[in-house]
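# Chains, contacts and geometry: an overview
Okay, here's what each chain looks like letter by letter:
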Amino acid sequence: MTSPRTDAPVLEVTDLVKHFSTGSGFRSGSGVVRAVDGVSFTIGPGEILGLVGESGSGKSTVGRCVTRLVEPTSGSIKLLGTEISSLSRRAMRPLRRQVHIVFQDPYSSLNPRMTIGQIVAEPMRLHGTAKGAALDERVDEMLEKCGLRSELRDRFPHEMSGGQRQRVGLARALALEPSLVIADEPVSALDVSVQASILNLITDLQRDLGFSCLFITHDLSVVEYISDAIAVMYLGKIVERTSREKLFRDPQMPYTQSLLTAAPVPDPVAQRERTRVVLRGDLPSPLDPPSGCPFHTRCPVAVERCTVEVPPLVGVTEPDHLVACHLVDRETGAPDIAAAAAAQGAEAGAGLQTGARRPA
Amino acid sequence: MTTTVSERVPTGPASDALLSVQDLHIRFSTEDGPVHAVNGVSFDLAAGEILALVGESGCGKSVTAMSVPGLLSPNATVDGRILLQGRDLLGLSAKELRAVRGKEISFVFQEPMSSLNPAFTVGKQIREVLQRHEGLSKKAAHERAVDLLRLVRIPAPERRVDEYPHQMSGGMRQRVMIAIAVACGPKVLVADEPTTALDVTIQAGVLDILRGLRDELGTAIILITHDLGVVADLADRVVVMYAGRPVEQAEVHELFAHPQHPYTNGLLGAVPHREKGVELVAGRRLREIPGLVPSLRSDPDECVFAPRCPRSTEVCVSRRPPLEPTRPHHPAACFHPGEDE
Ligand SMILES: Nc1ncnc2c1ncn2[C@@H]1O[C@H](COP(=O)(O)OP(=O)(O)OP(=O)(O)O)[C@@H](O)[C@H]1O
Ligand SMILES: Nc1ncnc2c1ncn2[C@@H]1O[C@H](COP(=O)(O)OP(=O)(O)OP(=O)(O)O)[C@@H](O)[C@H]1O
Ligand code: SF4
Ligand SMILES: [Mg+2]
Ligand SMILES: [Mg+2]
């Protein structure tokens, strides 16, 4: 970063827990959804952390705790060095402009009765950072930065395409020059060609404005493109966390390995030659998470110990490559789930198939 | 331009076509005037073949697929021919079509929750199809329902058969939908974005099931998706659509190795994916396709892609590029076809 900032983290989350109680569920009675179950990470200045995981793994809940849209059950959240998990709304107010969230659904996240100009101006009005002509100018500037012609300011959200609406969301989020942007699946609802332009836009803006970003997605190929570090979530817990390079070069947690092999690559020759591992079963319910390692019910290499003992998130082969798996070994590294699946694939009903394909 | 009889170009052996869609046009009449949703789509589908329809949102993939089993809304006008083993489905009565649907052609929609009835167990919903089309007894239908759930790899099918849709995860519901769709051994399965709502690890399982149906039962599949990874994984042949028009068709390896249409080139360049052995360079940009998809209010006599196309010249806006082979068995509708760079 060229800006004269210290290297102190912009965001520091420690042991974050969020449990929802499901009042009177008619089928399972009441219970506790362990949506986020002890999550820790830091984001440095100008850093983009990709948070990846299956639907329901708790990614959005992490983002919503950080922006205080939901109250965390326990744990610490430090924004620019200030503990915000227990701040009152009023005390939180000056810090609000430092963190902004961009949502997945460009259709429902913008107020349909406001014009684009009003939507982008609103946070600046609320925080009193600009008014009158200066505010108008700033709105035009933000729209332009986000690739929208300023004459669009009088349009309403329903008059714009999905990609354009997502640009409006970004213009609004960045208007106050926040230190941290939480982007919750900002491109998941868009076509690939539109996705590409939004991802390019985020990279450009990040380079120019230098904000830090928690980029939430279920699509590993998206974070690979955009992030510096990656954290993989499974059932409310981070199961692997390291730099982008290390994660893709040496994925260690069996769940991360399966995510990587399951995402089809857009190349028929490569895709059909790959050995894939198809996991058995679905994501277990966060109402009733498995004992031990949360992944053991689907893990191709699980052993007895995995069913009883929760693996801690620690650096095994390298101090900055954190992984929560009993089978990662200091000397021999990560278990090879493809080999395990291939061996088990021969047995009938093993619940796994490897990518032994009929030739095309 | 005079109306062409058909811009259809055979891209494979036409003789063994199980399903042949010829010069399909679909128009919707709306309060604001007509919507030209599909203009001149043609393709053949052989038994055991998987054909992918790809393109951006709104380009007409779903309506093309829905016209085959006759599921379009009443404000639609459909022209052309849809031949299932030589029989034109567009000429059938509603009653005759109902007999074809579910039995010879069946459908899996994108949103599994809205297509299952929340009030009945999944077992009852599978039995219902079997009893209606196959005339099975309740007991036989129940046993077959359990078998079908096993076929789509639902764990403990004997128990799951008595569950309601809300008791299942999204991935399981989608597999139940597939079980219902293949209950009567259809010749053609139309799968509209069958994995779009699912996560990759669950998606991989559903794609394997579709592949298994093709390999084991010889089911022909029309696969609608906007995910080029899914196409690369599963499809034999691909039709690329843009704004209601087919712009390129080819065998899957041929298409990815030698994309001809600038739109297809743009789509392939826009996907973020790891290039093997290439260091990830910070600040690497994805390729964009600038501009917006055109409105479908008119059907102009020019290339529909011209306003966004980096190669467009005068000829592109003077008339419509015909869908003609630019390489063997590989038609593309473009005056300047070829691979980028
Ligand atoms: N307000 C709430 N009340 C009860 N449960 C909730 C609430 N919000 C989220 N949950 C539950 O918490 C878990 C995590 O949800 P969350 O939305 O964080 O997941 P996610 O990883 O963002 O998933 P997706 O990819 O589908 O957006 C889920 O089981 C969800 O049902
Ligand atoms: N009943 C209808 N009345 C009017 N227009 C319609 C109707 N159904 C579809 N259309 C229009 O026809 C066009 C093609 O729609 P279609 O649903 O086939 O797109 P698609 O390619 O499947 O897109 P997506 O990827 O978003 O599912 C769209 O512009 C749509 O608005
Ligand atoms: S016909 Fe012209 S405008 Fe259309 S895709 Fe080809 S080069 Fe581009
Ligand atoms: Mg979410
Ligand atoms: Mg569709």
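Described below are features of the structure shown in this document. Small disclaimer: the values here were computed from a predicted structure and weren't measured.

About the criteria used
Residues numbered from 1 in each chain as written. Chains lettered and ligands numbered in written order. Predicted model: local features only at pLDDT ≥ 70, side-chain atom pairs only at ≥ 80, totals over all residues. Heavy atoms only, no water. Near = heavy atom within 4 Å. Polar contact = N/O pair within 3.5 Å; in protein donor to acceptor, adjacent residues only side chain to side chain. Areas by Shrake-Rupley, 256 points an atom, 1.4 Å probe, with all protein chains shown as cover. Helix = DSSP H or I, 4+ residues; strand = E, 2+ residues; numbered from the N terminus. Nonpolar A, V, L, I, M, F, W, Y, C, P; charged D, E, K, R; others polar. Phe/Tyr/Trp six-rings, centres within 6.5 Å; stacked < 30°, edge-to-face > 60°. Buried < 20%, exposed > 50% of the residue type's maximum accessible area, 1.4 Å probe, protein only. Lys NZ or Arg CZ within 6 Å of the ring centre and 35° of its normal. Pairing = 2+ DSSP bridges. Salt bridge = Lys/Arg side-chain N within 4 Å of Asp/Glu carboxyl O.

## What about the site of ligand 1?
All names here are of chain A. Not every one of the 13 residues close to ligand 1 is listed here, only the nearest: Ser55, Gly56, Lys59, Ser60 and Thr61. Contact between ligand 1 and Ser55: an oxygen atom at 2.5 Å from a side-chain N or O atom of the residue. The contact in question runs from an oxygen atom of ligand 1 to an N or O atom on the side chain of Thr61, over 2.5 Å. Here ligand 1 loses 66% of its free accessible area of 640 Å² to cover by the protein chains. Elements that contribute at least two residues to the shell around ligand 1 include exactly strand 2 (29-43) and helix 1 (59-66). A total of three residues in the shell around ligand 1 trace back to one element, the largest contributor, which is helix 1. Of the residues contributing to the shell around ligand 1, the split by class is four nonpolar, six polar and three charged.

## Quick notes on the packing of aromatic side chains
All names here are of chain B. For the structure on display, the rule yields six aromatic pairs over all chains. On the numbers, 4.6 Å between centres and 55° between planes, the contact of Tyr242 with Tyr263 is tilted. On the criterion of sequence distance, the pair formed by Tyr242 in strand 9 (residues 237-242) and Tyr263 in helix 11 (residues 262-270) is long-range, its members being 21 residues apart. With respect to class, Tyr242 is no different from Tyr263; both count as buried. The buried category is assigned to Tyr242, whose relative accessible area is 1%. Looking at Lys124, its charged tip hangs above the ring of Phe120, at a distance of 5.2 Å from the centre.

## Side note on the pairing of strand 8 (residues 220-224) of chain B
Remark: a regular strand shows side chains that alternate across the two faces of the sheet. Residue and element names in this part refer to chain B. With five of five residues buried, strand 8 lies mostly within the body of the structure. Here strand 8 shows two buried faces, one formed by Ala220, Ile222 and Ile224 and the other by Ile221 and Leu223. Here strand 3 (residues 50-54) pairs with strand 8 via four bridges, running parallel. Bridge pairing in strand 8 links Leu51 to Ile222. One ladder, built from five bridges, connects strand 7 (residues 188-192) with strand 8; its direction is parallel. Paired with Val190 across the strands is Ile222, a residue of strand 8.

## Concerning the pattern of salt bridges
Inspection of every chain in the model, using the stated rule, returns 37 salt bridges over all chains. Residue Lys237(A) is joined to Asp37(A) by a salt bridge in which the shortest nitrogen-to-oxygen separation is 3.3 Å. On the criterion of sequence distance, the pair formed by Lys237(A) in strand 10 (residues 237-243) and Asp37(A) in strand 2 is long-range, its members being 200 residues apart. For Asp37(A), a relative accessible area of 16% translates into the label buried. Salt-bridge contacts for Asp301(B) lead to Arg320(B); the nearest nitrogen and oxygen are separated by 3.4 Å. In this pair, Asp301(B) is assigned in the loop between helix 11 and helix 12 (314-318) and Arg320(B) in the loop between helix 12 and strand 11 (324-327), connecting sequence segments 19 residues apart. Owing to a relative accessible area of 17%, Arg320(B) belongs among the buried residues under this scheme.

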